[in-house]
Structure formats: C-alpha cells, structure tokens
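Reading the structure
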Amino acid sequence: MGWIDNFFPEKYTPESPKGRKLKNPRRKLDFETCRKSAMLATGRKDFSLKDGLAYRKSLKMGWIAKFFPNKIVRKSEVTFENCKKVVDKLFAEGKCLGSDLSRYNSHLYSVAWKNGWLRKLGFPEREEAMKISGARQRKYTESYATKVAKKYMTLHEFRDRERNLYTWCSKQGLMKKFSWLERETNIYTEELINETVSKYTDYTKFYKENPAMYGYMCKNKLLHLASSLERRVQFRDGYALDTIYVYEFPETNHAYVGRTVDLTVRDWDHHNRKNDSVVRYAKKNSLDIPAPKVLIEDITVQDGPEMEQKMIDLYKSNGWKLINSMKGGSLGSMGYNKRWTMDVMLDTASKFEYWADLEKEYPNLVRKIHSKHLKHLFSWLKEKKTQNGFWKDMSEEEAHEYAKPFKTITEFADKYSALASWAKERGWTKKWFSRGITGKLPVEQYTLDKKLVAVYESGEAAAKALGIKPPWLHHVCKYKPMVATCGGFYVKYKDNIGMASKEEIEVMDTKKRDYRKKFYPKRKERENSEEYLAKRKAKRKANREALRAKGRENYYAKREAGYRYRKDPTTGKSSWVFVGNPTTPDASKGKSA
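Residues numbered from 1 in each chain as written. Predicted model: local features only at pLDDT ≥ 70, side-chain atom pairs only at ≥ 80, totals over all residues. Heavy atoms only, no water.

1. Concerning the overall build of the protein
We apply this condition: The way it works is that DSSP assigns letters per residue, a run of H or I at least four long becomes a helix, a run of E at least two long becomes a strand, and they are numbered from the N terminus. Think of it in three bands: with a 1.4 Å probe and only protein chains considered, a residue is buried below 20% of the maximum accessible area for its type, exposed above 50%, and partly exposed in between. Contacts were defined at the residue level, with two residues in contact if any of their heavy atoms lie within 4.5 Å. In these tables, accessible area is a Shrake-Rupley quantity obtained with a 1.4 Å probe, and a residue counts as shielded only by the protein chains included in the view.
For the protein, the count of helices and strands is 30 helices and 13 strands. Residues classed as buried in the protein amount to 30% of the 593 residues present. Looking at the protein alone, contacts between residues at least 24 apart form 50% of all its contacts between residues at least 6 apart. For the protein, the accessible surface area stands at approximately 43,000 Å², while carbon and sulfur atoms represent 51% of it.

Here you go:
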C-alpha cells in the first residue's frame, strides 16, 4: 500500500527501480569499526546497549578486553586488595554486614568467604552482626497474619490468594480467631451439583476432575445425587465387590484365573503390561490374547480369595495348566477394600486402642486420616511408647538370655537395638559373640612342633605379620585351630574364646561335602570335554609362541650389545660373555675391543 514511507520516512530512500535500500547499509565489523564504536561508550554495558552487533563481535573475537582493560574486575583476578576497595565503599555507605556484600557482589563475597578474608576485611562475627541488624523475626507473625487476613472477606479467597500464610495460620491454630472470614459452607448447592453431574457419565472421571465437590458431597451425605453415573467398581456395605475371571488358551490347554474389582482396568493390564503373565505367555507362543470370561460376579473381597482358589482347583482337575505367576487365594484386591466414608472410618477405628495396631490392619485408613488432617477426630487412639531405661536395671545374666537365640551381634542388634548398645558399652557382647577379626580377639602363633612363637593383639596384626588374608586366619582360628596352617605356622585364638563348637564344625563340613558333590562332577565333565581341551591346547600354544618370540628378542638384543653364549671350561656351565662390539673386527675372533 506504500505506507512504509509514512511510518519510517528517514530510513529509506528510492535509489533504484528494483527496490529500496537503507541509508546506512550493513557495516563490515572489523577491529577498527568496533574500536571506534567502543570509544563512544562509557563502559561495557553502555557499549552493548548502544551498538549490540559490535559488542557481540568484540566478545566473539576477544577484542573487548583491549577496548575496556580497566573497566571490570575479572572473576579470576579477584584479590584481597580488590575486595578491600569494594568493602570500604560499602562501609562508607553504612553497610557493614557480610549480607550487604553478598547482595552487592556475590562473587566477591564467595571468594572472600572461601579464603577466610571476611574478618580481615572488618566484617563482624555472627553474634555482633545479629545485634547490628536486629533480632531475626519469623517470616510470619500473628499480627502480620491478622493484618493480611483482614483484606479478605471469605476463607476461600484468603486460602487461594495467600496459600503459604494460610497453611502457617492453620498449623498455628489462628484460623479460629479470624471470625470475619466467611466459611462458605453453601458453595456447592444441589443445583450446582446436579448441573456438574449431568456433564459426566463415568463416576471415577467425575470425582477425579472435581475433588472439592466430591469431598463436600461425602461430608454432607449428598452422594445420592451422583447415583446416575456408571461405576466400574461396585460396593456393598462399604466394601468393593470382586469378580473372578479367566483367560483360556485352548490351543495349548493353558489358562489364567484371576480376581479383580475393576475388570476393564485389569483387562487393559493383561493386554499392555510387559511383565504380565498373560502378555508374556501369548508373546512367547505367538498367540492372540482372548477376551476374559467372567466366572463369578458380585462377591465381597472377604469371600473372593476362597472362591478364586476353588476355581483354580476346578481348572486343574479338568486338565488345564495355569500360567499364574502368584498363588491363588491371596489378598489381592483387599488393598482396595473399603470406601472410607466418615461413618465407616469411625466405626473401624473404634475397635482399636493404639495407632500402631490400626495401621497394621488398615494402612490405607491411617494414610487417609493423616492426608485429610482428621487425626483430632480419633482422640481415643494412643501412641505406643517404649519404657525409657528398661534395660538399665537388667543384670548380665538376664540380658544374656535375650542374646542366646542369636548367632551374631548384628542379628541381636536388629531385634534389640537398645539392649545391644547397652551391653556393648559394658563389654558383655565380647563374651557372648565371637566376632573374629572384626572383634579384634588376640591370636597365638605356634611352630609346627606346637611351640609358642608370638601373641598378637588382634587378628589383623597376625594376618599382616604372617602375610595372609584376615578371613582365612579367622576361618582357621575358628574351625581348624592347631590343625591347618597359616603362613607355615599353627594359629589359634587366645584361651579359645572364638573357637566354634562341634555342631558348628559339623555344619561347616557338611556344607563343604555338599558343595563338592554338587560342583566337582560338573567341573570334571567340563575339563574333560573336547571344547575345553581344545581351548586349553590353543592357549598353551599361544603362550609358548609368545615366550619364544620374547626369547628371540632378548637373544638378538644380547648379540647386538656384544654378548655371546660361551661355555666355561673350568665349570662346564654356559653363560653370556661380553666379547666386544660386533661391528669391530676383533668381535668375530672373541677378543675384547
């Protein structure tokens, strides 16, 4: 339309019929043009704002340091003197804390902190700094919270606008004092609920997309308004209803019997999960996954395991082979079990006295109570607390009765950690358990004539002195003292403290026999096989060739150095003799050069 000249009249001039050109065509950004442009700027930042193209070109080519050599202190050039200059400026402005330096120049502060310059630069200690800056107050106070809360009329608005402050006030119990905030109990009217429910056909989709409305309906007993929606999971008396199904593969006479509360979801799993038994079996045998057949419907999850086991036994008796990876009759969908309405939660929890007992039976219920912050409604439930100092009045004999069933101190500590630490402080565990090298028991060294040579403070010191590994020393001292040798000597624990009993030695011997029976025949078969012998022969041949090649290299190297292999007439032994440089004429005659 030709409007561009009206918008930018000074930018364009008609110079040719082919088009329009800029008055200032693109420059060649060489060193001189960038230097002239940099001379017009006061600093790097000003240069980047006035002429960005020249600034970026200078950065790329490394010219920027030549244009502004003293304009900036590089990170690698930070010294104590540079820090002192910056700190003096801050002190002159009345900023005398380390936090002021970190705000002004974080890199200088980090370098000063790492090198320990903060005190030398004149910054005060933490206690003095706290006095100067005033006592640090909490992020939120009651007066601040009331001041902010008065800006809002409803609780809903205060919660949405000030989420962090709202959570802090609820934890501190200040929400009761904010009486002017309307609780908006009638946010979800029946008309609004009916209008929202009419947009959905699936019950699960409705409560997932409208969790606040669903929670309001649960609290006010308005779930009947959503009765028209289809439920994939059916309930009876607060419990989910089970369905027992089967996948049959008549081509191979195999079947999978399962149980679920939601057959549509479970069918999707059996078609798409990689590690699923049905998917793996169908893929292995190149079969199509059939549609599931429903065997029993509408049974409670309590009766489901028994009925599932009966169906499994029925299929086995009819000659079917099952591909189930787990045993039938397990709890399975019992984890889904209850639909935890408020009445069901209170009735279930009223049967228990302690939180720990309730969590063992119904972990999902306890998880929901904590997530919904409803713990105050279950005030009769108590926390189980162990009696402090229970082990302090116990004697060594009484404590040893607790430790007798355990073979090692680690097993004992896993079961009774407090008693184990209490006994360890008094040195009782050294008497009860033989800990070998780790317990640092003293070790005695004997000759083969059973004469005492030395006594070591620990097994580690003995292993170092004998030049063997500590586990073997511990094994010999425990199971074969004065029988097996370690480094050419007999060893045993002093006073036979850590020696194994006859029963333990018999157990160890049986383990060795079983190992030999199991693996030695296989090893002999493998060693006598043709493949093993061929590999062994080829390996030996390769080693011989490598040794010959290495010997040839050494032989020719010796000859080049002027040595010859000569026999000594007096002793009759042959050895290398230096006869001189082979390039000299006397070398061939055997005379030294």
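From this point, things continue past the structure.
2. Description of a nonpolar patch on the surface
Rules: Residues forming no salt bridge and having over 30% relative accessible area are the ones grouped into patches, like charges within 9 Å of each other and nonpolar side chains (Val, Leu, Ile, Met, Phe, Trp, Tyr) within 5 Å. Any carboxyl oxygen of Asp or Glu that lies within 4 Å of a side-chain nitrogen of Lys or Arg is treated as forming a salt bridge with it.
Taken together, the side chains of Y515, F519 and Y520 present a nonpolar region at the surface, about 320 Å² in accessible area. Counting through the fold element by element, Y515 comes out in helix 29 (residues 502-528).

3. Thoughts on the pairing of strand 5 (residues 254-260)
The condition that has to hold: Two strands qualify as a pair provided that DSSP identifies no fewer than 2 bridges between them.
Within strand 5, seven of the seven residues are buried, leaving the element largely enclosed by the surrounding structure. By the alternation rule, side chains of strand 5 split into H254, Y256, G258 and T260 and A255, V257 and R259, which are all buried. By the bridge criterion, two bridges tie strand 5 to strand 7 (residues 321-322) in an arrangement that is parallel. Paired with A255 across the two strands is L322, which belongs to strand 7.

4. Overview of the packing of aromatic side chains
Centre-to-centre distance and the angle between the planes together describe a pair of aromatic rings. Under the convention used in this document: For this analysis, a ring pair means two rings from Phe, Tyr or Trp (six-membered ring only for Trp) whose centres lie within 6.5 Å, classed as stacked if their planes differ by under 30 degrees, edge-to-face if by over 60, and tilted for the remaining angles. Distance and angle both matter: a charge sits over a ring if NZ of Lys or CZ of Arg is within 6 Å of the ring centre and within 35 degrees of the ring normal.
Within this structure, the stated rule accounts for 24 aromatic pairs. Taken together, the ring pairs in this structure connect Y402, F406, F412 and Y416 into an aromatic cluster. Looking at R426, its charged tip hangs above the ring of W422, at a distance of 3.5 Å from the centre. For K558, the ring lying beneath its charged end belongs to Y563, and the centroid distance is 5.0 Å.

5. Overview of the side chain of S58
Tracing the backbone shows S58 in helix 4 (residues 52-61). We classify S58 as buried; its relative accessible area is 0%. If near-sequence neighbours (up to four positions away) are discounted, S58 is found in contact with C34, F47, W63, I64 and F67.

6. Some details on the pairing of strand 9 (residues 452-456)
Judged from the four bridges that link them, strand 8 (residues 443-446) and strand 9 form a sheet pairing that is antiparallel. If you follow Y446 over to strand 9, its bridge partner there is L452. From the end of strand 8 to the start of strand 9, which pair antiparallel, there are five residues, and K450 there has a positive phi angle of about 65°.

7. A word on a positive patch on the surface
The condition is simple: Two residue types count as positive, namely Lys and Arg, and two as negative, namely Asp and Glu; His and chain ends fall outside the count. Note on charges: their place is set at NZ of Lys, CZ of Arg, CG of Asp or CD of Glu.
On the surface, R536, K537, R540, K541, R544, R548 and R552 cluster together to form a positively charged patch. Along the polypeptide, R552 turns up in helix 30 (residues 530-560). Residue classification places R552 among the partly exposed positions, given a relative accessible area of 49%.

8. Quick word on the nonpolar core
To keep things clear, this is the line we draw: For this analysis, a nonpolar core means a set of buried residues of the types Ala, Val, Leu, Ile, Met, Phe, Trp, Tyr and Cys, connected via side-chain atoms within 4.5 Å.
Grouped together as the largest cluster of nonpolar side chains are 15 residues, with contacts concentrated most on F158, L165, W168, C169, M175, F178 and L181. Of all the elements in the fold, those that place two or more residues in this core are helix 10 (142-149), helix 11 (155-161) and helix 12 (163-172). Sequence-distant contacts of C169, defined by excluding residues within four places in its chain, comprise A145, L174, M175 and F178. The next biggest cluster of nonpolar side chains, apart from the first, holds 14 residues, and it includes Y200, L222, L223 and A226.

9. Some remarks on the pattern of salt bridges
Applying the stated rule across the entire model yields 12 salt bridges. E401 serves as the salt-bridge partner of K404, at 3.3 Å between the closest nitrogen and oxygen. In this pair, the class of K404 matches that of E401, namely exposed. Across the salt bridge formed by E425 and R426, the nearest N and O atoms sit 3.5 Å from each other. For E425, a relative accessible area of 62% corresponds to the exposed category.

10. Description of the sheet that holds strand 8
So the rule is basically this: Axis definition: a line fitted to C-alpha atoms, limited for helices to the stretch in contact. Angles are taken between N-to-C directions and run from 0 to 180 degrees.
Pairing within the open sheet is antiparallel, and its four strands lie in the order 9-8-11-10. Each edge of the open sheet carries a strand with a single partner, namely strand 9 and strand 10 (485-486). Taken strand by strand, helix 28 (residues 470-479) contacts strand 8, strand 10 and strand 11 (489-493), and its axis lies near 75° from that of strand 11.

11. Overview of helix 4
Each α-helix turn comprises 3.6 residues. Residues three or four places apart therefore point the same way. What counts here: Relevant arc is that of directions from the helix axis to the C-beta atoms, nothing else.
Looking only at helix 4, the buried set comprises G52, A54, Y55 and S58. Buried residues along helix 4 cover an arc of 165° about the axis, so they all sit on one side. Relative to its buried face, helix 4 has exposed residues pointing more than 90 degrees away, namely R56 and K60. In the core, the buried residues of helix 4 are packed alongside helix 2 (31-39), helix 3 (44-50) and helix 5 (64-67).

12. Regarding the confidence of the model for the protein
The criterion, for reference: The score called pLDDT rates the predictor's confidence residue by residue, from a low of 0 to a high of 100.
Summary statistics for the protein give a mean pLDDT of 76 and a share of 80% for residues scoring 70 or more. Of the regions scoring below 50 in pLDDT, residues 331-337 engages in 18 contacts with residues more than four places distant in sequence or in other chains. Predicted confidence for residues 583-593 stays below pLDDT 50, and this span has 11 contacts to residues more than four positions away or in other chains.

13. A short note on the environment of S350
Considering the arrangement of structural elements, one finds S350 in the loop between helix 19 (342-349) and helix 20 (355-361). With 30 residues separating them along the chain, S350 and W380 place their C-alpha atoms 8.3 Å apart.

14. Some thoughts on unusual backbone geometry
A negative phi angle characterises most non-glycine residues, just as the trans form characterises most peptide bonds. With phi around 60°, N253 is a residue other than glycine that occupies positive phi space. Along the chain, the position of N253 falls in the loop between strand 4 (239-249) and strand 5. Exposure remark for N253: the relative accessible area of 34% places this residue in the partly exposed category. Although it is not a glycine, S286 adopts a positive phi angle of roughly 55°. One can find S286 in the loop between helix 17 (277-284) and strand 6 (293-300). Residue classification places S286 among the exposed positions, given a relative accessible area of 68%.

15. A look at the environment of K480
If you trace the backbone, K480 turns up in the loop between helix 28 and strand 10. Taking the C-alpha atoms as reference, K480 lies 8.7 Å from I505; in sequence the two are 25 residues apart. Residues contacting K480, with those up to four places away along its chain left out, are H475 and K512.

16. Here we look at helix 6 (residues 80-92)
Counted only if it meets this: What a helix should span is 1.5 Å times the count of its residues minus one.
Here helix 6 is 13 residues long and its end C-alpha atoms lie 18 Å apart, about the 18 Å a rise of 1.5 Å per residue gives. Within the span of helix 6, buried status applies to C83, V86, V87 and L90. Seen along its axis, helix 6 keeps its buried residues to an arc of 100°; they face one direction. Within helix 6, the exposed residues directed more than 90 degrees away from the buried face are E81, K85, K89 and A92.

17. Side note on the side chain of T243
Note that T243 resides in strand 4. Those residues in contact with T243, other than ones at most four positions away along the chain, are G258, R259, T260, V294, I296 and E297.

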